[in-house]
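Close look at the chain arrangement
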Amino acid sequence: MIALSLAEIAAAVDGELVRGAAETVVDGSVETDSRLVGPGSVFFALLGEETDGHRFVPAAAESGAALVITEHETDISGDTAQIVVADGYAALAALAHEVVARVRASSAERTAADGSPAPLRVVGITGSNGKTSTKNMLRTILSAHGETVAPEGSFNNHVGAPISMLRITHDTRYLVVEMGASGVGHIAKLVRIAEPDTGVVLKVGLAHAGEFGGIEATQRAKSEMVTDLPATATALLNVDDDRVAAMRDLTAAEVVGFGTSDQADYRLSGVSTDRDGTRFTLTAPPVRTVGDHPTESDRSGPTPPVPDRRASGESAVPVGRGSAQVPETVDVRLAILGEHHAMNATAALAVAHRWGVPLADGAAALASMTRAERWRMELLQGGPEGVTVINDAYNASPDSMSAALRTLAQIVRPGERTIAVLGEMAELGEFSVEEHDRIGRLVVRLGVGQLVVVGRGAMPIHQAATLEGSWDGESVFIEDVDDAVHALQEMVRPGDVVLVKSSKSAGLRFLGDRLGGVSA
């Protein structure tokens, strides 16, 4: 965290400094897990569903915490300061907002080595699928052009996102914020904290539909990414998804589209995938430049009006004040499996392009990525000889499971057998049976050679596949993960390509690791 005095922190979180000197400066990491606290850290004692962070205040103090922020006074030994607040979660959000605002202000007049403007840029990314992969891709691209802060893993909720924001420094040039939600209003809170310059919406699907209460509620929740963006910001929308494209009418921000359709400003074409990865061609709109530096509207000065070019059939053009126009087309090659990752890569390239990164530079950075993220379409070949495992069992929704199955069917080579090991797609609520049934029928239609369904929650996949294909042994149901591992070890043979896909709660990511030869 940037250096702040205890008095400044107390004011930011609307709290009372009950222990410590107001002028003491704190600049350590911000933690909500006492096990991660080190000398100089700030520890937020949050009240969780399963435990109360106040129980761990003594441990945080013993580990060297400079400050604890609590909802009531606690006994503390040593020199640890204490601020008492009404709501720990609100205080965490308020501190993150304050830090981002201060870094934004301090960087407003900053320039890069080549003389181009280099203020802090903030992007928020949401969508039913692809958030973490897109975030990682964008971090890879931007890191070559300036200090970039992005969350590790899937730190995208009301705790993880603010913690990630608090990692920025006065030297940070890019802040990438992944914004997840399990209900209406959650993304809006994160947007108010970060105030993104660019808000990206990837997709509206049935992921977490059970928590949201249906896909219409999911659409409302995801639209919060753009509804409060100011006219100086950019809303980057997937125009191939009708529910996302409709968000253009909900924002004052400049709207830029990406996708495969002619409506897209950043248009991908020629998408293909095989065992070596995914390829596509990306065409970007012309970029108006000042000298050699592409520019985008910012918060530090007036922004010219942005016409709705789609109404007249024109393609949108990134905003700038110069006159030269430089169209770009680039061939992109990813070492990451799955045509769906081409859309994620396009979103990442579009954000970076509008912030001045040439498409060719962005594409070169993406080519260096060996995987999107742990347990996301991760190619493993360290198990039984001649067996390829695709471990994609961190998250699962109807859309992502369908995409993974199609990728499995696309990358198989003549003479090889495909095996789909599928577990439950969690949090689908009333849609659960119907969507699992649909996946089972898709497995048959794609010609998958062997289906192994693991766990009671995924049973409708097995039942649907058996009915759809009149199968006799091509689909196997196994209740327990360990039993499934043993069965698969006996089943696989050289030349098999095995997809492992489920929600995290099903535990199949560890099955995939064991089958693929990854040590714990």
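These numbers come from a predicted model, not from an experiment. (Residues numbered from 1 in each chain as written. Predicted model: local features only at pLDDT ≥ 70, side-chain atom pairs only at ≥ 80, totals over all residues. Heavy atoms only, no water.)

**Side note on the sheet that holds strand S7 (residues 81–84)**
In spatial order, the strands read S2-S7-S6-S5-S4; together these 5 strands make up an open sheet with mixed pairing. Two strands lie at the open edges of the sheet, namely strand S2 (16–19) and strand S4 (30–31), each paired on one side alone. Here S2 runs beside S7; their pairing, made up of 3 bridges, is antiparallel. Residue Arg-19 lies in a different strand from S7, and its bridge partner there is Gln-82. Of the strands in this sheet, S2, strand S6 (67–70) and S7 touch helix H1 (residues 6–13), which is tilted by about 20° from S7. (Pairing = 2+ DSSP bridges. Helix = DSSP H or I, 4+ residues; strand = E, 2+ residues; numbered from the N terminus. Contact = heavy atoms within 4.5 Å. Axes fitted to C-alpha atoms, helices over the stretch in contact; angles between N-to-C directions.)

**Re the nonpolar core**
Counting residues in hydrophobic clusters, the biggest one holds 83 residues, and the most contacted among them are Met-1 and Leu-95. Here the element with the most residues in this core is helix H3 (residues 88–106); it accounts for 7 residues. If we skip the residues at most four places from it in the chain, Met-1 touches Ile-9, Val-26, Asp-27, Gly-28, Val-30, Val-42, Leu-95, Val-99, Leu-166 and Ile-168. Within the second largest apolar cluster, 40 residues are counted, among which are Ile-336, Ala-347, Leu-349 and Ala-365. (Core = buried A, V, L, I, M, F, W, Y, C linked by side-chain atoms within 4.5 Å. Buried < 20%, exposed > 50% of the residue type's maximum accessible area, 1.4 Å probe, protein only.)

**Some details on the pairing of strand S21 (residues 388–392)**
Among the 5 residues of S21, 5 are classified as buried, and the element is accordingly described as predominantly covered. Where burial is concerned, the two faces of S21 agree: the one with Thr-388, Ile-390 and Asp-392 and the one with Val-389 and Asn-391 are both buried. Where S21 lies against strand S25 (residues 496–501), 5 bridges are found, and the strand directions are parallel. In the strand pairing of S25, Asn-391 is matched with Val-500.

**Some words on the confidence of the model for the protein chain**
For the protein chain, mean pLDDT is 89; residues scoring 70 or higher make up 90% of the total. Segment residues 289–324: pLDDT under 50, and 78 contacts once partners within four positions in sequence are set aside and those in other chains are kept. (pLDDT = per-residue confidence, 0-100.)

**Notes on the environment of Arg-220**
By the secondary structure assignment, Arg-220 is in helix H8 (residues 215–227). Taking the C-alpha atoms as reference, Arg-220 lies 9.2 Å from Met-247; in sequence the two are 27 residues apart.

**Considering the environment of Val-30**
Note that Val-30 resides in strand S4. Along the chain, Val-30 and Ser-41 lie 11 residues apart, while their C-alpha atoms are 5.8 Å from each other. Those residues within four positions of Val-30 in sequence are excluded, and the remaining contacts are Met-1, Val-42, Phe-44, Leu-92, Ile-163 and Leu-166.

**Some words on the sheet that holds strand S20 (residues 378–380)**
On the basis of which strands lie adjacent, the open sheet formed by 6 strands has the order S20-S21-S25-S22-S23-S24 and mixed pairing. The outermost strands of the open sheet, each flanked by one partner alone, are S20 and strand S24 (475–478). Taken pair by pair, the neighbouring strands of this sheet meet at an average axis angle of 15°, ignoring direction. Taken together, the 3 bridges between S20 and S21 define a ladder with antiparallel strand orientation. Across the sheet, residue Leu-380 finds its bridge partner in S21, namely Val-389. Helix-sheet contacts for helix H15 (residues 481–491) involve strand S22 (417–422), strand S23 (450–454), S24 and S25, and the interaxial angle to S23 is about 165°.

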